[in-house]
Amino acid sequence: MDSIKRIEAFRDFFHYGTKEKMQEAYARITDTECGLTKNIDWEAEEFLFNRLFVGPASPEAPMTASVYLDPERHTNGRITEKVREIYTAAGLSLSNRGSIPEDLLPVELDACCILKRLAEVDENFIELYEQLTAMHMYMWIPLFTERAGSCADESSAVMRVLCMLDEWIKNEVTSLVMSKEKI
Amino acid sequence: MKKDLLKTGGICPLSRRSFLKSAAAAGILSSLPAGILQAAEWERTHYEGDYETFRNACPRNCYDTCSIKSYVKDGVLRFVEGAKESTFTGGALCVKGFSYPRRVYSPDRIKYPMKQIGRGTGNWKRISWDEALTEISNKILEIKKKDGSLLGMALDKYSGNFGITHYGVEGMMSSLGYTTRFVGTPCWPAGIDAQNFDMGNMWCNDPEDIVKAKYIIIWGGNPAWNSVHSMKFVYEAQERGAKVVVIDPIMTQTAAKADLYIRIKTSEDGSLALGMARHILDKKLYSKEFTTKHSKGFDEFAAYLKKNVTVEWAAEKSGVPANVIRQIAEEFASASPATIWAGYGLQRHTNGGVNVRAIDAVVAMTGNIGIEGGGARYGHLHTWGFNYNAMVQKQPEGSVGYLGKDKIKSEFHGPEGEAQAAYSDRTININKIAESILTTNEPPIRLLWVACKNPFGQDFDRNKLKKAFDKLEMVVTVDQFFNETVQNSDIVLPCTTLFEEYTVNVSYWHYWIGLNEKAIPEQYEAKSDLQIAAMLSKKMNELEAGSCTFPQITDTKVWMEKEFNDGIHKLFGIESWEDLKNGPRKAQLPSSASWNEMKFGTPSGKYEFSSDLAAEYGHTKLPEYKAPRKAYDKFRVLTPHTQFALHSQFNNIDIMRDFNPEPFVYINPAAAAAKGIKDGETVKVVNKTGSVTLKARVTDIVAEDVLVLYEAWFGGKTDFNIQELVDDESSDMGTFKTGAPGVALHDQFAGIEKA
Ligand code: SF4
């Protein structure tokens with residue numbers, strides 16, 4: 001699967017939070033027809049998703065980088081600000097600025113897609129992509145997937161996506177490092 | 001362009017600056033009394049960077065109603081400080097106030113409208129606002145069709161947000177039809193009635209004038225925790241030579257700052273006050289001028305004292321030694337001005353109202369009413385004369401309601417929509433919610449709307465409340481955070497914090513007004529109470545034209561503007577609300593003393609030691625002794641406010657949890673030894689209402705027959721709920737001014753055993 005499409009699928013899985021959208025994104029992530037995921041109880045997956053990431057009770061693994069990286073666990077603090085700086089450098093900003101933190105997982109995944117596209121036309125954007133992925137997302141996504149994974153049923157679709165996301169960021173950073181070494 | 005995130009933004013040790021910016025440190029420093037060390041001036045004078053600043057006001061149910069200055073950059077609330085313009089707020093906030101940015105951006109906030117599939121299951125689905133409002137509107141229309149009225153829809157709202165425009169929630173209910181309303185107040189109604197019987201209104205001196213007092217008694221209150229800003233005036237009075245006496249069953253932090261701490265047997269405040277009055281009478285230390293010129297019934301009161309009260313009797317009842325009673329009576333009567341601050345705790349008893357009357361009588365007979373630095377301080381509502389534009393809404397054409405004589409009453413404003421209507425809302429005592437939901441029929445309460453309140457955290461008899469909620473067909477809760485009420489709801493709607501809306505705030509204690517500006521966008525999909533009402537109105541009218549009259553205005557600034565009137569402008573010396581952008585303003589008062597003209601609001605126009613109105617409401621005319629509630633278990637249970645929360649708000653904020661990680665029961669060493677309980681051991685506190693299991697703290701801050709558990713929901717992994725131990729026994733007063741009596745929530749009893 002085209003790597004941007006794959007990141008988009010991750011983004012959509014974590015963004016919408018409804019079973020229909022999750023199911024549709026899951027099919028894209030796992031490269032399966034929706035029909036092949038019939039054995040998954042998507043209602044239960046939706047409840048699990050909300051318990052882990054959304055609420056209304058305290059989410060067990062909030063999908064915000066600050067929760068994992070900020071020394072004072074301050075959301076919308078320095079970590080969010082650094083991510084915002086990357087977006088600004090790329091000429092990006094949230095359409096509803098101030099309503100959600102820039103270091104929310106689906107927002108960062110969306111930025112990855114855009115930066116990757118921009119990098120295809122202007123290699124300067126590769127550096128920004130590296131900053132976002134290797135120097136930031138790589139620092140928190142494994143912590144996030146580990147925390148979420150410890151609260152989720154191993155056979156769940158959410159768990160499978162978490163594993164694939166973890167694998168994706170690790171592979172992505174490895175390939176970035178390898179391409180640098182070649183240079 | 002390249003920047004190394006790890007170098008520029010990664011983990012670095014806390015610098016001195018960041019220590020000082022820590023909210024907890026700031027809160028502690030802000031309440032420091034004068035001493036060898038003093039709190040440095042806040043770093044409020046020179047912040048680096050281009051911040052936009054906004055005016056905000058803390059809307060919590062707190063004496064202090066702080067004026068806040070908020071600093072915003074990149075659309076993000078970076079930090080807050082107390083407004084310097086207010087001499088009351090004085091540039092500092094309490095620990096809760098300083099934690100606001102963490103509260104606003106907590107990952108735990110409710111972000112979207114959500115629906116629970118099976119109440120209490122924890123299976124939540126994210127739904128759109130449209131879906132949520134359609135489901136609620138359909139339920140409202142279904143109830144109307146089934147019952148022929150909307151009395152099956154009830155509102156449970158109280159003090160979670162005291163922004164004036166939040167009375168729009170009541171307006172939303174009226175705009176739908178005649179509904180069921182829980183009226184009264186859990187907090188302070190017995191004291192309100194007491195002061196109304198005595199003086200014709202609840203009206204306290206400006207708290208800033210306590211600096212002029214020569215003798216201060218803080219009776220049944222703990223401002224060092226619950227009104228930190230008032231403490232600086234108490235300290236200043238002390239520095240000027242005033243004596244500060246604290247009377248309380250608990251050795252509080254305020255007591256620790258006093259010159260004299262007097263431990264009283266709980267609910268015996270009346271006997272102590274009457275004992276003091278008798279001694280003042282015997283020593284002829286009362287004010288002849290006040291008692292003859294400005295009061296009614298003093299001779300009857302004196303006769304009552306002579307016949308029924310002795311200092312020795314008072315000592316036996318109250319547990320305060322006779323010589324101490326004589327000492328404080330003489331000192332109080334000899335000092336001028338002298339003042340008593342009657343805390344809300346002392347009136348949460350079956351004899352709470354009459355006890356406040358006895359305390360008022362001591363202040364009055366010594367001539368300390370109506371003078372600066374004096375007064376029987378309880379609270380006031382003199383600055384609350386807004387339009388209540390959002391609240392006053394018309395029922396839709398043809399609405400059918402209750403045919404009884406009930407009228408909505410609230411301590412904050414007059415009867416709502418009192419214009420002569422054939423029908424009215426159905427009113428039920430807010431302090432009997434569980435019982436009422438279970439027993440109200442024709443029609444039963446089917447749909448409950450909860451806003452600005454966490455009934456499971458604040459209402460009494462948790463187990464009965466759970467049964468009551470189980471009877472409801474639909475529960476809609478509007479809140480910022482998950483709690484036990486949300487857990488027992490079907491739909492939760494996310495609401496904004498104070499920084500995400502416009503409103504205006506005043507206090508029931510000080511005399512300042514503060515503008516509350518929208519400083520940041522609504523977080524995630526949160527909406528203000530007013531926006532929700534406007535959106536519900538739109539949906540209702542889409543489904544059935546004319547079914548809701550609430551104006552479909554979603555701009556909270558427009559609503560805020562409509563609350564101002566000439567009276568407010570004149571009182572605060574402003575041309576328009578825009579003047580408040582420059583900072584909070586204080587009411588322009590002829591004197592800092594309430595009743596300074598000695599024109600009382602009573603039927604006689606005088607201070608009434610003997611009140612016919614009290615008798616009309618079933619009380620004694622005089623503030624006679626009334627015995628406390630009979631104990632129904634071994635230990636008395638007291639459940640006062642904690643320092644790190646305001647009821648169930650703030651408890652869940654991570655930095656508060658660092659200081660206040662779990663609930664404890666505080667038990668006296670002798671009582672603990674008798675039970676074989678050691679400090680830190682897990683114990684079970686049980687009574688007829690329920691039980692809680694938690695750790696014990698062995699301490700002599702409490703008397704041998706008393707257990708103290710700080711109130712409210714602690715969230716996180718604990719299922720502690722103090723309402724397991726509190727029944728809904730009524731206090732003696734409250735019906736006159738607030739429509740229903742209060743709750744005797746400190747007249748509770750329980751046993752304790754090792755778990
Ligand atoms: S809780 Fe009270 S003291 Fe604290 S900031 Fe709010 S109004 Fe001020």
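Residues numbered from 1 in each chain as written. Chains lettered and ligands numbered in written order. Predicted model: local features only at pLDDT ≥ 70, side-chain atom pairs only at ≥ 80, totals over all residues. Heavy atoms only, no water.

Q: Can you help me understand the sheet that holds strand β5 (residues 124-126) of chain B in this one?
A: Sheet strands pair by backbone hydrogen bonding; their relative direction is either parallel or antiparallel. Taken together, eight strands build an open sheet; the order of strands is β5-β4-β17-β16-β15-β6-β7-β14 (chain B) and the sheet is mixed. Lying at the two open borders of the sheet, with one neighbouring strand each, are β5 and β14 (426-429) of chain B. Pairs of neighbouring strands in the sheet enclose a mean axial angle of 20°, with direction left out of account. In terms of strand pairing, strand β6 (residues 153-157) of chain B meets strand β15 (residues 447-451) of chain B through five bridges, oriented parallel. Residue pairing for β15(B): K157(B) is matched across the bridge by A451(B). Relative to β5(B), helix α3 (residues 42-54) of chain A is tilted by about 85°, and along the sheet it contacts β4 (114-116) and β5 of chain B. Running over the sheet, helix α22 (residues 529-543) of chain B touches β15, β16 (474-479) and β17 (491-494) of chain B and is turned about 150° from β15(B). (Pairing = 2+ DSSP bridges. Helix = DSSP H or I, 4+ residues; strand = E, 2+ residues; numbered from the N terminus. Axes fitted to C-alpha atoms, helices over the stretch in contact; angles between N-to-C directions. Contact = heavy atoms within 4.5 Å.)

Q: Can you walk me through the site of the ligand in this structure?
A: C58(B), C62(B), D64(B), T65(B), C66(B), C94(B), K96(B), G97(B), H229(B) and L646(B) make up every residue found near the ligand. Looking at the shell around the ligand residue by residue, the class counts come to five nonpolar, three polar and two charged. (Near = heavy atom within 4 Å. Nonpolar A, V, L, I, M, F, W, Y, C, P; charged D, E, K, R; others polar.)

Q: Explain the domain arrangement of chain B to me, please; I cannot follow it from the model alone.
A: Reports often express the size of an interface as the amount of accessible area lost when the parts come together. Residue and element names in this part refer to chain B. In terms of domain boundaries, chain B breaks down into domain 1 (2-104), domain 2 (114-176 + 396-504 + 522-568), domain 3 (190-381 + 591-616) and domain 4 (635-754). Here the C-alpha centroids of domain 2 and domain 4 sit 30 Å apart. Listed per partner, the contact involves 22 residues of domain 2 and 27 residues of domain 4. Both faces considered, domain 2 and domain 4 share a buried interface measuring about 1,900 Å² in area, 45% of it formed by carbon and sulfur atoms. Taken together, domain 2 and domain 4 are joined by three salt bridges. With a closest N to O distance of 3.6 Å, E724 and R462 form a salt bridge. (Domains from an automatic or database assignment. Buried area = accessible area lost by both parts, 1.4 Å probe. Salt bridge = Lys/Arg side-chain N within 4 Å of Asp/Glu carboxyl O.)

Q: In this structure, what is going on with the pattern of salt bridges? I would like to understand it.
A: When the charged atoms of two side chains lie near each other, side chains of opposite charge can form a pair. Applying the stated criterion across every chain yields a total of 64 salt bridges over all chains. The closest approach of N and O atoms between D12(A) and R11(A), which form a salt bridge, is 3.0 Å. Comparing D12(A) with R11(A), the two get one shared label, buried. One connected set of salt bridges, linked through shared partners, spans K139(B), E142(B), K146(B), D147(B), R446(B) and E473(B). (Buried < 20%, exposed > 50% of the residue type's maximum accessible area, 1.4 Å probe, protein only.)

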